[in-house]
Amino acid sequence: MKNKQLKRIIFSILLLWGGLIYGQTVTGVVSDVSGPLPGVNIIVKGTTNGTQTDFDGNYTLEDVDPNAIIIYSYVGYKTQEVAVDGRSTIDVTLAEDAAKLDEVIVIGYGSTTRKDATGAVDVVSADDFNKGVTTSPDQLLQGRSAGVQVTTSSGEPGAGATIRIRGSSSVRSGNDPLYVIDGVPFNNDTNSPGTNTGNIAGESSAKNPLNFINSNDIESISILKDASATAIYGSRAANGVVIITTKSGKRGDGKINYSFTATTSAVTREYDLLNASQYASANSGANAGGSVDAFDEISRNALTTEHNLSYSGGSESGKYRVSLGLLNQEGVIENTGLDKYTFNTNISQKFFDNKLEISAALTASQIESEATALSESIGAEGDLMTSALKWNPTQSFFNGDGTFVQPSDNQRNPLAFLEYFDDNSETTKLFGNVKATLRFTDYLKYQFTYGFDKTSTYRGIAVSRLFNTNTVLGRGYANTTNNRFTNQLFTNTLSFNKDVTEDLNIDAVIGHSYEEYRGSGESLTLRDFDFDDQAFYLQNIFAAGTVERNDRASLSYDPVGRLVGFVPISLQSFFARGIFNYQSKYIFTATVRADGSSRFGENNKYGYFPSFALAWKIHEEGFLPESISELKFRAGWGQTGNQQFNAEAAREVFVPQDGGGVTRLNIGNPDLKWETTTQLNFGFDFGFNDGKLSGSIDYFRKNTNDLLFRLPVSQPGPVGSFSWANFDDEIINSGIEIGLNYKAISEEDFSLEFGGNISFLNNEINGKEAFTQFGTSTGSAAGQGLSGENLQLLYDGQPLYAFYLPVFTGFDSSGAATYADTNGDGVVDTNFDQPGGQSDRAFVGDPNPDMNIGLYLRASYKNWDMSINGYGAYGHEVYNNTANALFNASALNRGENVITSVVNNGEDPGSSPIISTRFLESGDFFRLSNASIGYTIDTEKLGKVGEYLSSARLFLTGQNLFIITPYSGFDPEVNTNKSVSGVPSFGIEYSGYPRARSFSFGVNLNF
């Protein structure tokens, strides 16, 4: 027995001695794609032997068994296990863990964790953004968040976008969300101006105001949906809040990042127009003997190049990041494109033992845009697009002497448009903030923020006197518009975050802010030039025979017509929020904000916006199965406001008359008050098997009342004058949102994750005053014979912008269009009238989708990575105003081109176009928006070059790869501005700019 025990002791000693003999030292560097990581935790699996990386990412680990496994872990990154296999040097690159990064989310005037959030908040990080070339942040979000619908107005570079979070909630006060960029609210009005060139090219739209941001500089985007999340922004949060956080430096040595992308683009979908031989057969009398393709002449394969360069780093006491961006984007239509130059810096420095921190963020940008004659409202005269679509394909573009064939004002030569029409704009912006944070204790801090936005915009349009225009425009035409905007914000907050007892944590903030916005501008209209080249018109404005100046739009006048100056818009606010977390299971949030605005009447300057929310972490109670790793219930209620409307609505407004004296334009209303949106939200966040399957489901209901509306003043008031008032009508949005994510495989060399979101929305007007009996019409139709016709009606019991149209039933034996007798009086009358009148119209469609979906897939295998994103919308209609105006038998009879389906469709060639359900189409679609594949190069294989690189990645991306839709036009995802008297429209397509399919190749280098 003693011998056996002795042998065991000796054997154990030998094993221990052998381990000590063969134990080895392992060294290496731990990095991410941007460079070395300091503070990474490193431990030998199954032991207490561990260390951390130093400032440069280096580590040394002693006494490591050659067969051991080393675990590397760091907050925000995926934990990695690596077998030693006898090696003495092990370098590791950690991959970011998007789920963990998202745990800390930015909310108004602070942050929280995803697991502690009580409101409906989505976070889209840089890893989740849509890939490819983007000109504005909204393009990063398409299909990425449930209940968020992003619709670009067209495929034009820099085009505006419509973003709806949980539907449209207002008629006249705007439906755009509030954008907050690095803590500073952004004013959407600071963008390039739209223009109106009358019957040369009609009205052209303004550019997207968010174009100034370089997408490569964005770290994450938080979307605050329900009132409990948005109420801290009070009067501007009725339509949700989008918080954009730009990238900042990380602790470590300075790192350089450079990326380059080259992109080629072409038109995705075209109209099925008649070619020359088809046209000659269909209309032999108009056969001119030639063969041309007008749309092919105005479109092109476009090239885009993008360069991004950044330098970032930091220390224990400060961080910095500086970046430069250059984007040169050609449009797929000739003479269109965008050049964008951006500079971004984000710096911070701590002083006095880290008690005081000073930080600053600045974005400077200049955007130069080239546009062509594309219109939202042109009639029979036609713009570039409509002129090309209806050009006789047997008619040459040129006369024998090389001059342009210019048949008439109603049939303009598209190539002459390209030659004789210039439209250029330039926007320069400085946007940023300076913050000072003073920490009194670990739990109490004060922060002062000064935010600023200074914007200058210019737009110049010129039309050569050689272009075939009517005599009203004179010999040559030019228009210049200059706008200047300044916005300043001063915010003071006091924050408290402390465990006041063992079970209770309180996170509270109180604050005050003051914001002032000023705008000014002027325009010149120039006519009658003595030279031909329109490029020189804007450089030689004094050569014009006629000059008209207009600088009244942004000015205010007293009752006798004396100029009293620009009208500033100011907003003063007081706010407070408390988050009470008990036992990390029960969380209650209370918020209140009081906003006083110069926009409102003297009797209602202030609005008060409260909210309450609670969350219960059911999974912490201990009675759920282990497979349920998260189950949290959320409930919230709150009120928010909307101030996106005319700044002078509550005031008496007078305008001078050309012959002397003044006319009162707006009747003041001292009782004008806020629109108020009350929202109720219930939701669950859930996760199974340690988050392998996770998601959320929300139900919401939004009621907006005290609607602001402008109505003409009845006699004996001044002719053409208006007044603003609040009405008792309501707009109700309700719906369900579901998001799912599934991590199918999470291995060292292979990962696969997929998921998506789906939302269902119901929008309805509850008419009590303004939208009963008569309703309000909007959605103006455009094109020959369609002027003065409206397509949509806002009415009790209907969704916003419901289509109200004659019901087309076909053609009779003579070729005349027939329509349904919808009112049953035995007579078909298709003139516009309200419900209950004599016209035969019916509510026949809804432009608001019933359902929106988004899908994604991400995968990686060793050095390869891939991502695919798609989105769609269903249950809505789009009105094809382009087809209504251009593609009918009467157009073919006039010698214009049409689509193939018009030939022999039974329509009388002598008929006149009329709005009807004939041109109302399903807007359903699913779009594969982008797919990207990348390869990370092993820098050790690059020889001498690799010594200077910490990482290198090549990638190939396709955008707008395909779309599945029954819509016959260029694209169902479009929103041409067809407002009537300031009442917006939605879901109408006219003379749209086609979308492009793009393929990009690029490289990303880190030094």
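Details of the structure are given in the entry above.
Read on for a plain summary of the structure. The structure presented is a predicted model; accordingly, all values stated were derived computationally and were not measured. (Residues numbered from 1 in each chain as written. Predicted model: local features only at pLDDT ≥ 70, side-chain atom pairs only at ≥ 80, totals over all residues. Heavy atoms only, no water.)

### A closer look at the sheet that holds strand β11 (residues 121-125)
Reasoning step 1: The mixed open sheet is built from 5 strands, whose spatial order is β11-β18-β19-β14-β15. Edge positions in the sheet fall to β11 and β15 (184-186), since each of these pairs with one other strand and no more. When strand polarity is set aside, the average angle formed by the axes of neighbouring strands in this sheet is 25°. (Pairing = 2+ DSSP bridges. Helix = DSSP H or I, 4+ residues; strand = E, 2+ residues; numbered from the N terminus. Axes fitted to C-alpha atoms, helices over the stretch in contact; angles between N-to-C directions.)

### Structural notes on unusual backbone geometry
Reasoning step 1: For Asp85, which is not glycine, the phi torsion reads 55° and is therefore positive.
Reasoning step 2: Positive phi, close to 60°, is recorded for Gln583, a residue that is not glycine.
Reasoning step 3: Within the secondary structure, Gln583 is located in the loop between β32 (569-582) and β33 (586-597).
Reasoning step 4: Relative accessible area serves as the criterion here: at 32%, Gln583 is assigned to the partly exposed category. (Buried < 20%, exposed > 50% of the residue type's maximum accessible area, 1.4 Å probe, protein only.)

### Quick look at the pairing of β11
Reasoning step 1: In terms of burial, β11 is largely enclosed, as 5 of its 5 residues are buried.
Reasoning step 2: Here β11 shows two buried faces, one formed by Val121, Val123 and Ser125 and the other by Asp122 and Val124.
Reasoning step 3: Taken together, the 5 bridges between β11 and strand β18 (residues 218-224) define a ladder with antiparallel strand orientation. Bridged to Val123 within β18 is Ser222.

### Some details on the environment of Thr25
Reasoning step 1: Locating Thr25 in the fold gives a position in strand β1 (residues 24-32).
Reasoning step 2: With 521 residues separating them along the chain, Thr25 and Thr546 place their C-alpha atoms 86 Å apart.
Reasoning step 3: In this view, Thr25 contacts Thr60, Leu61, Glu62 and Ser88; residues no more than four positions away in its chain are not counted.
Reasoning step 4: Among the polar contacts made by the side chain of Thr25, one reaches the side chain of Glu62 at a distance of 2.6 Å. (Contact = heavy atoms within 4.5 Å. Polar contact = N/O pair within 3.5 Å; in protein donor to acceptor, adjacent residues only side chain to side chain.)

### A look at the nonpolar core
Reasoning step 1: Judged by nonpolar contacts, the single largest core of 56 residues is most densely connected at Ile298, Leu384, Met385, Leu389, Leu791, Tyr879 and Phe887.
Reasoning step 2: Those residues in contact with Tyr879 that sit more than four places away from it in its chain are Leu791, Phe803, Leu805, Asn884, Ile915, Ser916, Phe919, Leu920, Tyr967, Gly987, Ile988 and Glu989.
Reasoning step 3: Counting 22 residues, the second-largest nonpolar core is a separate cluster that includes Val150, Tyr179, Leu210 and Ile221. (Core = buried A, V, L, I, M, F, W, Y, C linked by side-chain atoms within 4.5 Å.)

### Side note on the sheet that holds strand β56 (residues 988-989)
Reasoning step 1: Read across the sheet, 3 strands follow the order β53-β52-β56 without closing on themselves; strand pairing throughout is mixed. The open sheet has two free edges, formed respectively by β53 (920-922) and β56, since each of these has just one partner strand.
Reasoning step 2: Where strand β52 (residues 877-880) lies against β56, 2 bridges are found, and the strand directions are parallel. Within the sheet, the bridge partner assigned to Tyr879 lies in β56 and is Ile988.

### Considerations on the side chain of Ser425
Reasoning step 1: Examined against the element boundaries, Ser425 turns out to sit in strand β25 (residues 421-439).
Reasoning step 2: Its relative accessible area of 8% is what places Ser425 among the buried residues.
Reasoning step 3: Filtering out sequence-adjacent residues up to four positions away, Ser425 remains in contact with Ile367, Glu368, Ser369, Tyr458 and Arg459.

### Section: the environment of Gly641
Reasoning step 1: Relative to the helices and strands, Gly641 is located in strand β35 (residues 628-642).
Reasoning step 2: Sequence separation between Gly641 and Glu877 is 236 residues; the distance between their C-alpha atoms is 30 Å.
Reasoning step 3: Apart from the residues lying within four places of it in its own chain, the contact partners of Gly641 are Gly234, Ser235, Arg236, Ala237, Ala238, Phe609 and Glu675.

### Looking at the pattern of salt bridges
Reasoning step 1: Considering all chains together, one arrives at 34 salt bridges under this definition.
Reasoning step 2: Residues Lys585 and Glu621 are paired through a salt bridge, measuring 3.4 Å at the closest nitrogen-oxygen approach. You can see Lys585 sitting in the loop between β32 and β33 and its partner Glu621 sitting in the loop between β34 (606-617) and β35, a full 36 residues away along the chain.
Reasoning step 3: Taken together, the salt bridges that share partners define one network made up of Asp122, Arg166, Lys225 and Glu737. (Salt bridge = Lys/Arg side-chain N within 4 Å of Asp/Glu carboxyl O.)

### Description of a nonpolar patch on the surface
Reasoning step 1: A cluster of nonpolar residues, Phe580, Phe588, Phe612, Leu614, Trp637, Leu680, Phe682, Phe684, Ile697, Tyr699, Ile736 and Phe760, forms a patch on the protein surface that exposes about 980 Å² of accessible area.
Reasoning step 2: Those elements giving two or more residues to the nonpolar patch turn out to be β34, β38 (675-688) and β39 (693-705).
Reasoning step 3: Among the elements that make up the nonpolar patch, the one with the highest residue count is β38 (3 residues).
Reasoning step 4: Here Ile736 shows up in strand β42 (residues 730-746).
Reasoning step 5: Since its relative accessible area comes to 36%, Ile736 is described here as partly exposed. (Patch = residues over 30% accessible without salt bridge, like charges linked within 9 Å, V, L, I, M, F, W, Y side chains within 5 Å. Areas by Shrake-Rupley, 256 points an atom, 1.4 Å probe, with all protein chains shown as cover.)

### Here we look at the side chain of Glu907
Reasoning step 1: By the secondary structure assignment, Glu907 is in the loop between α10 (889-893) and β53.
Reasoning step 2: Accessibility expressed as a relative area gives 11% for Glu907, which makes it buried.
Reasoning step 3: At 3.0 Å, the side chain of Glu907 forms a polar contact with the side chain of Arg918.
Reasoning step 4: If sequence neighbours within four positions are ignored, Glu907 has contacts with Phe811, Gly815, Asn888, Ala889 and Arg918.

### Notes on the packing of aromatic side chains
Reasoning step 1: Tallied over the entire structure, the rule returns 44 aromatic pairs.
Reasoning step 2: With centroids separated by 6.1 Å and ring planes inclined at 20°, the aromatic side chains of Phe485 and Tyr517 adopt a geometry described as stacked. Of the two residues, Phe485 is situated in strand β27 (residues 477-499) and Tyr517 in strand β28 (residues 504-527); the sequence distance between them amounts to 32 residues.
Reasoning step 3: Overall, Phe485 belongs to the buried group, its relative accessible area being 9%.
Reasoning step 4: Judged by centre distance (6.3 Å) and plane angle (75°), the ring pair of Phe750 and Tyr861 falls under edge-to-face. Highlighted residues: Phe750 in strand β43 (residues 750-766) and Tyr861 in strand β50 (residues 851-861), separated in sequence by 111 residues.
Reasoning step 5: Note on Phe750: relative accessible area 31%, which makes it partly exposed.
Reasoning step 6: Among the aromatic residues, ring-to-ring pairing joins Tyr271, Phe295, Phe887 and Phe970 into one connected group.
Reasoning step 7: One Lys or Arg, Lys429, reaches over the ring of Phe212 and ends 5.0 Å from the middle of that ring.
Reasoning step 8: Here Arg710 stacks its cationic end above the ring of Phe722, 3.7 Å away from the centre of that ring. (Phe/Tyr/Trp six-rings, centres within 6.5 Å; stacked < 30°, edge-to-face > 60°. Lys NZ or Arg CZ within 6 Å of the ring centre and 35° of its normal.)

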